[in-house]
Amino acid sequence: MATLDEIDTMRDNRDIDGLIRALEDEDEFVRSQAALSLGTIADPKAREPLDRMRKKDPSSSAREAAGTAYKWVVGRLQEVEATRESGTPPTR
């Protein structure tokens, strides 16, 4: 079981794999924070696990957090794709 401090450390270190594993934590608050952290980082690897979590997590608040994070990831990926097509560097 991860702690919220560990989730913060994983986010700061951009530990995508660790945050994805934390989406399966028994604590719904840890799962929610891991999801939001993945959304903040917006790594493409997080898209599928967040999509699964937003549909299947037993906690409505964790599903909501995953849904929000999923939107952030998808939005960022769309932004990157649009800038590739236009030749303009993405903003961050």
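The paragraphs below set out a description of the structure included in this document. Here, residues in each chain are numbered from 1, in the same order as that chain's written sequence. Predicted model: local features are reported for residues with pLDDT of at least 70 only, side-chain atom pairs are reported and counted for 80 or more only, and whole-chain, interface and lining totals are derived from all residues. Only hydrogens and water are removed before side-chain values are computed, so all heavy atoms of the structure are retained for them.

Throughout this description, the term salt bridge denotes a Lys or Arg side-chain nitrogen within 4 Å of a carboxyl oxygen of Asp or Glu. One pass over the full model with this rule turns up 9 salt bridges. Members of the salt-bridge network, linked through shared partners, are Asp8, Arg11 and Asp12.

Okay, the packing of aromatic side chains next. We call Phe, Tyr and Trp rings a pair once their centres come within 6.5 Å, taking the six-membered ring for Trp, and we label the pair stacked below 30 degrees between planes, edge-to-face above 60, and tilted otherwise. On inspection of all chains with the given rule, the structure shows 0 aromatic pairs. The ring of Tyr70 carries Arg54 above its face, with NZ or CZ at 4.0 Å from the centroid. Comment: the charge-over-ring label is applied if NZ (Lys) or CZ (Arg) is within 6 Å of the ring centre and within 35 degrees of the ring normal.

Turning next to helix H5 (residues 60-86). Over its 27 residues, H5 extends 39 Å from the first C-alpha to the last, a length consistent with the 39 Å expected when each residue adds 1.5 Å. Regarding H5, the residues found buried are Ala62, Ala65, Ala66, Gly67, Ala69, Tyr70, Val73, Val74, Arg76 and Thr83. For this analysis, residues touch if any pair of their heavy atoms sits within 4.5 Å. Secondary structure elements follow DSSP: runs of H or I of four or more residues count as helices, runs of E of two or more count as strands, with numbering from the N terminus. Each element contacted by the buried residues of H5 is listed here: helix H3 (28-41) and helix H4 (47-56). Once H5 finishes, Gly87 follows within two positions and takes phi at roughly 85°, a positive value. Expected helix span is computed as 1.5 Å times (number of residues minus one). For every residue, the accessible area obtained with a 1.4 Å probe (protein chains only) is divided by the maximum for its type, and the residue is called buried under 20%, exposed over 50%, and partly exposed between those limits.

Without other data, these values stay purely geometric and don't point to any function.
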